[in-house]
Amino acid sequence: MTAGAVTGRRLPDGWGVLVLPLVAFLLVVFVYPLVSMLARSVSDPEPGLGNYAAFFDSPVYTNVLVNTFVIAGLVTLVTLLLGFPYAYLMTLATPFWRGVLMAAVLVPFWTSLLVRTFAWVLILRDTGVVNDVLGAFGGQPVPLLRNLAGVLIGMVQVMLPFAVLPIYATMRGIDRRLLQAAEGLGARPAFAFWRVYAPLTLPGVAAATLLVFVSSLGFYVTPALLGGPKNVMIGELIVQQLSGVLRWGFASALAVILLVVTGVLLLLAARVVDLRRMIGGGR
């Protein structure tokens, strides 16, 4: 073998071997389950597209899919409306109060989701804390459980850290002297905030939107305990099909449909907004 043949052959980089365990892990944990789920959706109980036809032929199932995206969108909107001013307040607070505000976000985040959801059941029920306080002031009980309001309250509380943290990380890197410069040039504080400061927070807002929206699509425990029959999300429907009627193929088809629809929506959003540039901070 000549030296030219040896040098012409592309030899693998030694550091590239370190990637092999990660690739093997991804193949076993992510790729194989996805392929298996896709295969089962077209082979169980019999080969074909019967599971997908059963889904689209029933308005009940399609309504659950639409309801899932509507709830996820509402949760995303409410979470951003609460998380944006909260993150901004953290940038203005002193180090001590900034730590307190950060702890207020993270401590519930470290608590079990099931425990937090049952706590909301006790708080929001007809004889719960909220209605007891309203009754003490002469108010009428407000239905906050087994409806959309309960689902939104529970899911927003869970998703709030996913909005606050990326928005705060972006706000922390913004030079506040830009606001002072705009005000020095004659801009009113509110105008300077919305025209100078707010556009610079878009990378954090975009990251928070993606995290909250995509994560909200897969919720099961919170809508199952706090919602009613009109608030069923597709995660709950999948569990019902698996544990209730043992329709593994149909449940796999539901998961595939959710994955495909989510991917299509993200691609459409990427065509409207340059998400990579926004999340990357304009680089």
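Residues numbered from 1 in each chain as written. Predicted model: local features only at pLDDT ≥ 70, side-chain atom pairs only at ≥ 80, totals over all residues. Heavy atoms only, no water.

Participant: I tried to follow the overall build of the chain on my own but got confused; where do I start?
Facilitator: The helix and strand tally for the chain stands at 15 helices and zero strands. Computed over its C-alpha atoms, the radius of gyration of the chain comes to 24 Å, more than 25% above the 19 Å expected for a compact globule of 283 residues. Considered along the principal axes of its C-alpha atoms, the chain spans approximately 85 × 60 × 35 Å. Counting all 283 residues of the chain, 35% fall into the buried class. As displayed, the chain offers around 17,200 Å² of accessible surface, 71% of which is attributable to carbon and sulfur atoms. (Helix = DSSP H or I, 4+ residues; strand = E, 2+ residues; numbered from the N terminus. Rg over C-alpha atoms; globule rule 2.2 N^0.38 Å. Buried < 20%, exposed > 50% of the residue type's maximum accessible area, 1.4 Å probe, protein only. Areas by Shrake-Rupley, 256 points an atom, 1.4 Å probe, with all protein chains shown as cover.)

Participant: What is the right way to look at helix H6 (residues 113–124) in this model?
Facilitator: An α-helix turns once every 3.6 residues. As a result, residues three or four positions apart point the same way. Taking 1.5 Å per residue as the helical rise, H6 with its 12 residues ought to reach 16 Å, and the 16 Å between its terminal C-alpha atoms agrees with that figure. When H6 is considered as a whole, its buried residues turn out to be Arg-116, Thr-117, Val-121 and Leu-124. When H6 is viewed along its axis, its buried side chains cluster within an angular range of 150 degrees and face the same direction. (Expected span 1.5 Å × (residues − 1). Arc of directions from axis to C-beta.)

Participant: Just checking my understanding: could you explain unusual backbone geometry for this structure?
Facilitator: Of all residues except glycine, most have a negative phi; of all peptide bonds, most are trans. The omega angle of the peptide bond from Asp-44 to Pro-45 is 5 degrees, so this bond is cis rather than trans. Tracing the chain through its elements places Pro-45 in the loop between helix H2 (19–41) and helix H3 (50–57). In the Ramachandran plot, Arg-146 falls in the positive-phi region, its phi being about 65 degrees despite a non-glycine side chain. Look at Arg-146 and you get partly exposed, because its relative accessible area is 48%. Phi is positive for Leu-246, which is not a glycine, with a value near 60 degrees.

Participant: How should the nonpolar core be read in this particular structure?
Facilitator: A general feature of soluble globular proteins is that nonpolar side chains tend to end up buried together. Core analysis: the biggest nonpolar cluster contains 31 residues, and Val-75, Met-155, Ile-167, Met-171 and Tyr-197 have the highest contact counts within it. Those elements that provide at least two residues to this core are helix H4 (59–92), helix H5 (95–109), helix H8 (148–172), helix H9 (177–184), helix H10 (189–200) and helix H11 (202–216). Ranked by residues supplied to this core, first place goes to H8 with 11 residues. Setting aside residues up to four positions removed in sequence, Met-155 forms contacts with Ile-71, Val-75, Ser-216, Phe-219, Thr-222 and Met-233. In terms of nonpolar packing, the next biggest core, distinct from the first, is built from 21 residues, Phe-55, Val-64, Ala-72 and Leu-258 among them. (Core = buried A, V, L, I, M, F, W, Y, C linked by side-chain atoms within 4.5 Å. Contact = heavy atoms within 4.5 Å.)

Participant: Help me understand the side chain of Asn-51 in this model?
Facilitator: With respect to the helices, strands and loops of the structure, Asn-51 is situated in helix H3. For Asn-51, the contacting residues outside a window of four places in its chain are Arg-40, Ser-41, Asp-44, Pro-45, Gly-249, Phe-250 and Ala-253.

Participant: Whenever I open this one, the packing of aromatic side chains confuses me. Can you help?
Facilitator: Two aromatic rings are characterised by how far apart their centres lie and by the angle between their planes. Under the definition given, this model contains 11 aromatic pairs. With 4.9 Å between their ring centres and 55 degrees between their planes, Tyr-61 and Phe-250 make a pair best called tilted. One end of the pair, Tyr-61, is in helix H4; the other, Phe-250, is in helix H14 (residues 248–272), and 189 residues separate them in sequence. Here Tyr-61 falls in the buried class, since its relative accessible area comes to 16%. Aromatic pair Tyr-88 and Tyr-197: ring centres 5.4 Å apart, planes at 75 degrees, arrangement edge-to-face. Of this pair, Tyr-88 sits in helix H4 while Tyr-197 is found in helix H10, placing the two residues 109 residues apart along the sequence. Residue Tyr-197 is classed as buried on the basis of its relative accessible area, which comes to 2%. (Phe/Tyr/Trp six-rings, centres within 6.5 Å; stacked < 30°, edge-to-face > 60°.)

Participant: When you look at the packing of H8 against H11 in this model, what are you seeing that I'm missing?
Facilitator: Two packed helices can be described by the angle between their axes and the distance between those axes. Contact pair H8 / H11: the axes reach a minimum separation of 8 Å and the direction vectors enclose 155 degrees. Here H8 lies roughly antiparallel to H11, going by the angle between them. Handedness of the crossing formed by H8 with H11: right-handed. Here Met-155, Met-159, Phe-162, Ala-163, Pro-166, Ile-167 and Thr-170 of H8 lie close against H11, whose contacting residues are Pro-203, Gly-204, Val-205, Ala-207, Ala-208, Leu-211, Val-212, Ser-215 and Ser-216. Partitioning the contact of H8 with H11 into residue classes produces 12 nonpolar, four polar and no charged. (Axes fitted to C-alpha atoms, helices over the stretch in contact; angles between N-to-C directions. Parallel < 35°, antiparallel > 145°, perpendicular 65-115°, else oblique. Left-handed = near helix turned anticlockwise from the far one by under 90°. Nonpolar A, V, L, I, M, F, W, Y, C, P; charged D, E, K, R; others polar.)

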